[in-house]
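# A look at the structure
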Amino acid sequence: MLMKNIKGRKVVSGLHTIAIRLKCGDPVYYLYLFLSPGFRHYVYKVGTGLKVFGINYDKVQKYFLAVPDEKEQKYIGKILFLTDQLIAANQSKLEQLKRLKKLLMQKIFNQEWRFKGFTDPWEQRKLGEIFEERKENPKGQTLKMLSVTINSGIVDANVLNRKDNSNSNKSNYKVVHANDIAYNSMRMWQGASGVSNELGIVSPAYTVLKPRVGLDVRFWGYLFKLTKMLQEFQKNSQGLTSDTWNLKYKQIKSIEVTMPSKNEQNAISQLLQKLDFSIAANLRQRLNNLLNIDNYSRLSINA
């Protein structure tokens, strides 16, 4: 933390806080230096303590580094500070879109908001009437490995850069077809589910749901992310602790839900997909703006 414009006021630091006053140089530059991976690595290397891990001033002052002149320090400090401001502003706008989506889903799935032309009451069904469990194994086929994430749904497992602890024999893995819903049985109550866009396989720890005829599976993908549904999944999970809670098909098939007609399911899923596309496009645009070299060139010139 950088203290500025104290104007004679007395400030007291905490017991485990080191207060440093610069003899020379740009304070913003040194703030970011202390946040850098290099300095953090040094702290992990020389720090001590079991309950409270930390580093004292004697070790801080022994940190060896190459330092540019003060003019370049100001350039670097200002660029990093303005980048943080851009990130914060963009993150705020992105969070607004996500809150809008959450509100929209609540109103739609509570039936407070209906599309024009749809007035029929939603039917109450059990999930077992809507989905059956797919138990298909690869049987020697070489299929893409898929994984389920809480935020992104089903993705290519290779993009996650996770260590594969499994052996080459994947005969007991489960096949997922396009438009199936797969979920991590131990993390379903956290939102680890998604609709597959392609043919692939998932580990035996997953449960694969095959949709029955007459539904829009994208609608159900959104429904499964609702807070009240996650609470229902948690309630029906079995296990001693949250680390071992498990939700198999025999538990999920008895959960009751209300469902609209297929046409209304289509209307709802299309609207929510458009909002998802808007959020993704907004994020891409803002990332491109942050990575725009011209912006950084202008910042350094005006520093």
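Bear in mind that the values here come from a model prediction, so they are computed numbers and not experimental data.

## Some points on the nonpolar core
With 37 residues, the main nonpolar core has Phe109, Leu127, Phe131, Trp220, Phe224, Phe233 and Ile252 as its most contacted residues. Mapped onto this core, the elements with two or more residues apiece are α4 (70-109), α5 (127-130), β6 (181-184), α6 (217-223), α7 (227-236), α8 (249-252), β10 (256-259) and α9 (262-290). Not counting chain neighbours up to four residues away, the residues in contact with Phe224 comprise Leu127, Phe131, Ile181, Met188, Ser193, Leu209, Met229, Leu230 and Phe233. Among the nonpolar cores identified, the runner-up in size contains 9 residues, and Ala192, Val202, Tyr206 and Val208 belong to it.

## Section: the environment of Tyr75
By the element assignment, Tyr75 lies in helix α4. Expressed as a C-alpha distance, the spacing of Tyr75 and Val28, which sit 47 residues apart in the sequence, is 9.9 Å.

## Comments concerning the confidence of the model for the protein chain
Confidence in the prediction of the protein chain, expressed as mean pLDDT, is 81, and 82% of residues score 70 or more. Across the protein chain, the element-wise mean pLDDT spans from 50 in helix α10 (residues 293-301) up to 95 in strand β2 (residues 131-133).

## What to know about the pattern of salt bridges
Summed over all chains, the structure comprises 10 salt bridges. Across the pair Arg134 and Glu136 runs a salt bridge whose closest N-O atoms are separated by 3.6 Å. The class of Arg134 is buried, set by a relative accessible area of 14%. Judged by relative accessible area, Glu136 falls into the partly exposed class, the value being 28%.

## Describing the sheet that holds β2
Pairing between the strands of a sheet is mediated by backbone hydrogen bonds and can be parallel or antiparallel. As summarised here, the arrangement of the 4 strands in space is β2-β9-β6-β7, forming an open sheet in which the pairing is antiparallel. Here the strands that pair on one side only, and so sit at the sheet edges, are β2 and β7 (193-195). Neighbour-to-neighbour, the strand axes of the sheet open up by a mean angle of 25 degrees, direction not taken into account. Strand direction decides the pairing type here: β2 and strand β9 (residues 206-211), joined by 3 bridges, are antiparallel. Its bridge partner being in β9, Glu132 is matched across the sheet by Lys210.

## Quick look at the pairing of β10
Here β10 shows a clear split, with Val257 and Met259 buried on one side and none of Glu256 and Thr258 buried on the other. Inspection of the sheet shows strand β1 (residues 123-126) paired to β10 by 4 bridges, in the antiparallel sense. Across the sheet, Lys126 pairs through a bridge with Glu256, a residue of β10.

## Quick look at the packing of aromatic side chains
Following the criterion strictly, the structure yields 7 aromatic pairs and no others. Ring geometry for Phe131 versus Trp220: centroids 5.9 Å apart, planes at 90 degrees, classification edge-to-face. Of this pair, Phe131 sits in strand β2 while Trp220 sits in helix α6; the two residues are 89 residues apart in sequence, bridging distant segments of the chain. Seen from their ring centres, Phe219 and Trp220 are 5.3 Å apart, and the 85 degrees between their planes marks the pair as edge-to-face. Overall, Phe219 belongs to the buried group, its relative accessible area being 0%. Through pairs of rings, three or more aromatic residues link up here, namely Phe109, Trp122, Phe131, Phe219, Trp220, Phe224 and Phe233.

## Here we look at the pairing of β6
Judged by which residues are buried, β6 turns out to be covered on both faces: Ile181 and Tyr183 on one side and Ala182 and Asn184 on the other are all buried. The sheet contact formed by β6 and β9 spans 4 bridges and is antiparallel. Along β9, the bridge assignment pairs Ala182 with Val208.

## Things to note about α7
Taken as a whole, α7 has its buried residues at Met229, Leu230 and Phe233. Buried residues in α7, looked at end-on, bunch into an arc of 100 degrees, giving them a common side. Where the residues of α7 are buried, they touch α5, α6, α8 and β10.

Cut-offs and rules
Think of each chain on its own: its residues are numbered from 1, step by step along the sequence as written. In keeping with the predicted nature of the model, local features appear solely for residues at pLDDT of at least 70, side-chain atom pairs appear and are counted solely at 80 or more, and the whole-chain, interface and lining totals rest on all residues. With hydrogens and water set aside, each side-chain value is computed from the structure's full complement of heavy atoms. In plain words, nonpolar cores are sets of buried Ala, Val, Leu, Ile, Met, Phe, Trp, Tyr and Cys residues tied together by side-chain atoms within 4.5 Å. Working definition: with a 1.4 Å probe on protein chains only, accessible area under 20% of the residue-type maximum means buried, over 50% means exposed, and in between means partly exposed. Secondary structure is summarised from DSSP: a helix means a run of H or I of at least four residues, a strand means a run of E of at least two, and numbering begins at the N terminus for each. The contact rule is simple, with two residues in contact once any of their heavy atoms fall within 4.5 Å. A score from 0 to 100, pLDDT tells how confident the predictor is in each residue. Within this document, salt bridges are pairs made up of a side-chain nitrogen of Lys or Arg and a carboxyl oxygen of Asp or Glu, the two lying within 4 Å of each other. For two strands to be treated as a pair, DSSP must find no fewer than two bridges joining them. To obtain each axis, a line is fitted to C-alpha atoms, and for helices this fit is confined to the stretch in contact; angles are then taken between N-to-C directions over 0 to 180 degrees. Note on aromatic pairs: the rings of Phe, Tyr and Trp (six-membered ring only in Trp) are paired at centre separations within 6.5 Å, and the planes decide the class, stacked below 30 degrees, edge-to-face beyond 60, tilted for the rest. In this description, one arc is meant: the one made by directions from the helix axis to the C-beta atoms.

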